[in-house]
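Observations on the three-dimensional arrangement
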Amino acid sequence: MAHQPADKKFFENLSGAGKAIGVLTSGGDAQGMNAAVRAVVRMGIYVEAKVYFVYEGYQGMVDGGDNIVEVSWESVSSILQVGGTVIGSARCKEFRTREGRLKAAYNLIQRGITNLCVIGGDGSLTGANLFREEWSGLLEELAQSGMIEEEAVKKYVYLNIVGMVGSIDNDFCGTDMTIGTDSALHRIIEVVDAIMTTAQSHQRTFVLEVMGRHCGYLALVSALACGADWVFIPEYPPEEGWEDQMCVKLSENRARKKRLNIIIVAEGAIDSHNKPITSEKVKDLVVQQLGFDTRVTILGHVQRGGTPSAFDRILASRMGVEAVLALLEATPDTPACVVSLSGNQAVRLPLMECVQMTQEVQKAMDETKFCEAVRLRGRSFENNLNTYKLLSHRRPDAELPKDDLSCSTNFNVAVLNVGAPAAGMNAAVRSAVRVGITEGHNMFAVIDGFEGFARGQIKEISWGDVGGWTGQGGSLLGTKRTLPAKYLEKIADQMRTNNINALMVIGGFEAYESCLQLAEARARFEEFCIPICVLPATISNNVPGTDFSIGADTALNAIVETCDRIKQSASGTKRRVFIIETMGGYCGYLANMGGLAAGADAAYIFEEKFDIRELQANVEHLTEKMKTSIQRGLVLR
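Residues numbered from 1 in each chain as written. Predicted model: local features only at pLDDT ≥ 70, side-chain atom pairs only at ≥ 80, totals over all residues. Heavy atoms only, no water.

The next thing to look at is the pattern of salt bridges. A side chain with one charge can pair with a side chain of the opposite charge if their charged atoms come near. In this structure the tally under the stated criterion is 24 salt bridges. In this structure, Asp-293 and Arg-295 form a salt bridge, with 2.7 Å as the shortest nitrogen-oxygen distance. Asp-293 sits in the partly exposed class, given a relative accessible area of 31%. For Arg-295, a relative accessible area of 35% puts it in the partly exposed group. For Asp-493, the salt bridge goes to Arg-496, with nearest N and O atoms at 2.6 Å. Taken together, the residues Asp-493 and Arg-496, both in helix H16 (residues 488-497) and 3 residues apart, mark about one turn of the helix. (Salt bridge = Lys/Arg side-chain N within 4 Å of Asp/Glu carboxyl O. Buried < 20%, exposed > 50% of the residue type's maximum accessible area, 1.4 Å probe, protein only. Helix = DSSP H or I, 4+ residues; strand = E, 2+ residues; numbered from the N terminus.)

Strands sit in the order E18-E20-E19 across an open sheet of 3 strands; the sheet is parallel. Whereas interior strands pair on both sides, the edge strands pair on one side only; in this sheet they are strand E18 (576-580) and strand E19 (602-603). Bridging between E18 and strand E20 (residues 632-636) involves 5 bridges; their strand directions are parallel. Pairing of Arg-576 across the sheet is with Arg-632, part of E20. Of the strands in this sheet, E18 and E20 are in contact with helix H18 (residues 552-570), which crosses E20 at around 155 degrees. Each of E18, E19 and E20 is contacted by helix H20 (residues 612-626), which is oriented at about 155 degrees to E20, the strand it contacts most. (Pairing = 2+ DSSP bridges. Contact = heavy atoms within 4.5 Å. Axes fitted to C-alpha atoms, helices over the stretch in contact; angles between N-to-C directions.)

Attention now moves to the packing of helix H4 (residues 122-144) against helix H11 (residues 351-366). One can describe the packing of H4 onto H11 by two numbers: an axis separation of 10 Å at closest approach and a directional angle of 140 degrees. For the element pair H4 / H11, the angle class is oblique. Crossing hand, H4 versus H11: left-handed. Residue-level inspection shows Asp-122, Leu-125, Thr-126 and Asn-129 of H4 in contact with H11, the latter providing Leu-351, Met-352, Val-355 and Thr-358. Here the contact of H4 with H11 is composed, by residue class, of 4 nonpolar, 3 polar and 1 charged. (Parallel < 35°, antiparallel > 145°, perpendicular 65-115°, else oblique. Left-handed = near helix turned anticlockwise from the far one by under 90°. Nonpolar A, V, L, I, M, F, W, Y, C, P; charged D, E, K, R; others polar.)

Our focus in this paragraph is a negative patch on the surface. Together, Glu-140, Glu-149, Glu-150 and Glu-151 make up a region of like negative charge exposed at the surface. Within the secondary structure, Glu-151 sits in helix H5 (residues 150-155). (Patch = residues over 30% accessible without salt bridge, like charges linked within 9 Å, V, L, I, M, F, W, Y side chains within 5 Å. Areas by Shrake-Rupley, 256 points an atom, 1.4 Å probe, with all protein chains shown as cover. Lys, Arg positive; Asp, Glu negative; His and termini not counted. Charge placed at Lys NZ, Arg CZ, Asp CG, Glu CD.)

Where helix H10 (residues 310-329) meets H18, the axes come as close as 8 Å, and the angle between the chain directions of the two elements is 90 degrees. Taken as axis vectors, H10 and H18 run roughly perpendicular relative to one another. Within the contact between the two elements, H10 uses Ala-310, Phe-311, Arg-313 and Ile-314 and H18 uses Asp-553, Leu-556, Asn-557, Val-560 and Asp-564.

Pairing is parallel across the open sheet formed by 4 strands, whose spatial order is E7-E8-E6-E9. Two strands lie at the open edges of the sheet, namely strand E7 (230-232) and strand E9 (294-298), each paired on one side alone. Adjacent strand axes in the sheet meet at a mean angle of 15 degrees, parallel and antiparallel pairs treated alike. Contacts between helix H8 (residues 242-255) and the sheet are confined to strand E6 (205-210), E7 and strand E8 (261-266), with E7 contributing the most and set at about 150 degrees to the helix.

With 13 residues, helix H3 (residues 98-110) should reach 18 Å at 1.5 Å per residue; the first-to-last C-alpha distance of 18 Å fits that figure. For H3, the full list of buried residues reads Gly-100, Arg-101, Leu-102, Ala-104, Ala-105, Asn-107, Leu-108 and Ile-109. Positive backbone phi, at 70 degrees, marks Gly-112, one or two positions downstream of H3. (Expected span 1.5 Å × (residues − 1).)

With that settled, consider the packing of aromatic side chains. Evaluation of the coordinates by the stated rule reveals 9 aromatic pairs. Here Tyr-58 and Phe-95 contribute two aromatic rings whose centre-to-centre distance is 4.1 Å and whose plane-to-plane angle is 10 degrees, an arrangement assigned as stacked. Here Tyr-58, found in helix H2 (residues 57-63), pairs with Phe-95, found in the loop between strand E3 (68-70) and H3; they are 37 residues apart in sequence, far enough to count as distant. For the pair shown, Tyr-58 and Phe-95 are each scored as buried. With a centroid separation of 6.3 Å and an interplanar angle of 10 degrees, the aromatic rings of Phe-450 and Phe-453 are classed as stacked. (Phe/Tyr/Trp six-rings, centres within 6.5 Å; stacked < 30°, edge-to-face > 60°.)

It is worth spelling out the confidence of the model for the chain at this point. One rule of thumb: low pLDDT means the predicted coordinates there are not for detailed reading. Taken as a whole, the chain shows an average pLDDT of 93; of its residues, 97% reach a score of 70 or greater. Confidence drops under a pLDDT of 50 for residues 1-7, and excluding neighbours within four residues, the segment shows 14 contacts in the predicted structure. (pLDDT = per-residue confidence, 0-100.)

Our focus in this paragraph is the nonpolar core. If you look at the biggest cluster of nonpolar residues, it comprises 72 residues, and the most contacted ones within it are Val-23, Cys-117, Met-164 and Ile-264. Broken down by element, the residue count for this core peaks at 9 residues, all from H10. With residues up to four places along the chain from it excluded, the contact list for Cys-117 reads Gly-22, Val-23, Leu-24, Val-40, Val-162, Met-164, Ala-323 and Leu-327. Counting residues in each nonpolar core, the second largest holds 39 residues, with Val-62, Leu-108, Leu-138 and Phe-172 among its members. (Core = buried A, V, L, I, M, F, W, Y, C linked by side-chain atoms within 4.5 Å.)

Bringing the state of the cysteines into the picture now. All told, the structure shown has 0 disulfides when counted by the stated rule. With no disulfide of its own, Cys-371 lies closest to Cys-173 among cysteine sulfurs, the gap being 16 Å. Overall, Cys-371 belongs to the exposed group, its relative accessible area being 69%. (Disulfide = S-S within 2.5 Å.)

Turning next to the environment of Lys-258. Looking at the secondary structure, you find Lys-258 in the loop between H8 and E8. A relative accessible area of 29% places Lys-258 in the partly exposed class. In sequence terms Lys-258 and Gln-359 are 101 residues apart; their C-alpha atoms lie 41 Å from each other. In this view, Lys-258 contacts Gly-227, Asp-229 and Asn-253; residues no more than four positions away in its chain are not counted.

For helix H13 (residues 379-392), with 14 residues, the first-to-last C-alpha span of 20 Å sits near the 20 Å given by 1.5 Å per residue. Looking only at H13, the buried set comprises Phe-381, Asn-384, Leu-385, Tyr-388, Leu-391 and Ser-392. Looking straight down H13, one finds its buried side chains confined to an arc of 145 degrees; they lie on one side. Those residues of H13 hidden inside the fold are in contact with helix H7 (217-226), E7, H8, helix H12 (370-377) and helix H14 (425-438). (Arc of directions from axis to C-beta.)

It is worth spelling out a positive patch on the surface at this point. A contiguous patch of positive charge, built from Arg-91, Lys-93, Arg-96 and Arg-213, is present on the exposed surface. The topology assignment puts Arg-91 in the loop between E3 and H3. A relative accessible area of 67% means that Arg-91 is categorised as exposed.

Judged by side-chain polarity, Phe-610, Ile-612 and Leu-615 come together as a nonpolar surface patch covering roughly 280 Å² of accessible area. Checked against the element boundaries, Phe-610 lands in the loop between E19 and H20.

Taking burial as the measure, the 6 residues of strand E10 (residues 337-342) include 5 buried ones, the bulk of the element. In the sheet, strand E5 (residues 160-165) pairs with E10 via 3 bridges, with the strands oriented parallel. Considered in E10, the bridge of Gly-163 is made with Val-338. Of the pairings in the sheet, the one linking E10 to strand E11 (residues 345-350) comprises 6 bridges and is antiparallel in character. Directly across from Val-339, in E11, lies its bridge partner Arg-348.

Structure (structure tokens):
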């Protein structure tokens with residue numbers, strides 16, 4: 001949103017007139033913090049409040065002076081695509097003392113700031129909560145020593161606090177994702193992709209150390225995303241005798257012609273006795289026991305750097321807006337809240353409850369109650385861990401569920417791709433194949449969608465066949481937009497010949513239509529009277545039944561990267577407007593979210609009807625904008 005249409009307000013009843021909001025970033029930096037700062041500033045101005053930057057975190061609040069500055073709409077232009085935090089962050093010892101907080105309170109009162117938005121980790125948020133609890137006492141003290149008038153004590157009697165969690169570790173309970181986590185994962189996967197090519201050449205083993213002193217989220221999810229051979233995380237230490245198990249696994253993989261092994265270690269990894277497992281220790285073990293050529297790569301601060309991903313920009317922008325609304329609606333009785341992501345919704349949760357839960361995890365780990373630690377980390381962490389275990393370690397044939405004459409558990413399951421290729425399709429096929437094999441089924445791959453099905457291009461696919469598929473774009477099985485209607489008889493024949501008992505279709509709207517056609521033909525062909533399942537995969541994100549379809553996030557990142565480059569090229573030339581066309585057909589998801597993440601001036605989409613008047617208004621807005629210091633425009637369609 002680049003300008004404010006005077007005639008239509010989105011939040012009718014909420015006015016920030018007469019209120020002042022301070023925004024600060026504190027603790028370790030994370031990509032996306034700037035997007036959050038920008039959203040707070042612009043939303044604050046939109047509801048007619050005054051907004052202040054507090055530079056250098058709590059240190060700036062204690063020091064006052066030029067560290068607390070009122071900002072305008074333009075102040076936050078062009079920071080969306082910048083990593084880190086432009087208003088700076090510092091660790092502040094002084095704010096931990098009452099004297100320090102007294103100074104901070106004085107500096108805020110001077111500017112009438114009684115609303116604070118704090119972007120940081122759990123330490124920063126706990127500090128903010130303490131400040132709020134002490135607030136009225138601090139004002140009394142300032143009044144007694146004559147530093148402020150009694151009037152001010154009455155006028156500024158309450159401090160409102162809202163927090164957003166900026167941390168790449170995703171170590172805060174209560175939110176599915178913290179700001180910066182997705183970008184850190186991007187950095188890790190970029191490195192893994194780069195390492196994979198060199199490791200392939202030499203048949204090497206790589207030990208990769210990623211950040212996460214107390215939380216294994218980054219290690220776990222990156223291991224899941226790159227199909228790592230082994231992962232070490234603090235919440236779920238390996239069992240006794242893991243050294244031998246790991247070496248057996250690595251040598252088995254080598255025997256299966258896998259040219260590289262990747263082991264991911266969280267920097268806080270421990271064994272079941274709470275002793276650290278370091279990346280060097282893992283390397284020495286592999287070299288001593290197996291004699292494999294092994295290298296250690298420590299990613300370090302690379303993970304905290306770079307430009308924020310589309311996901312982090314959108315997450316931070318949505319959270320920033322929600323934070324301002326929370327401040328406007330806060331009353332003296334509402335507890336300090338933190339804005340969290342639950343599913344796909346921005347929600348408000350009581351700050352201290354989340355902090356306490358986060359501390360519970362650490363306590364459970366200290367007491368070696370590791371199952372409890374995993375449970376406290378939340379649903380998605382637990383699911384990720386279970387999925388990783390399922391997909392990375394193949395059970396020996398003897399342990400697989402066997403056919404029992406009384407009840408046939410052993411199905412032949414066919415997997416196929418339908419529609420346009422979408423990034424992530426191959427990872428979905430790999431996952432389906434491996435889970436199917438683990439459950440004791442025979443998995444079949446269909447080449448080239450329903451056309452290939454009709455031609456009998458069906459082959460059984462094994463555990464090893466899908467190795468290394470997670471990072472491959474497009475569709476390795478081949479995909480076609482053709483619907484099955486004109487091939488129904490041939491497909492039924494093939495299903496009978498190969499004795500297919502279940503069908504999994506990965507694709508977009510064509511996949512939905514295809515499965516409906518098969519379902520409607522069930523009366524004519526009993527072969528189609530089997531379980532049929534669709535997994536939505538389309539970059540347009542235009543199918544019902546799911547918030548996200550596979551491939552949409554990758555497409556969004558491609559759009560945002562392009563927009564960033566275009567904005568950069570425009571910084572040299574003045575007064576230029578770029579019009580960028582995205583895919584998505586009749587669905588405005590990519591253009592709309594791309595516009596939000598790239599900071600576009602407008603996005604024209606099919607769902608939102610516009611006519612010449614809107615175009616004219618946007619042109620007038622761009623004309624006005626060219627008179628400011630930002631002489632460029634970006635329009636998506």
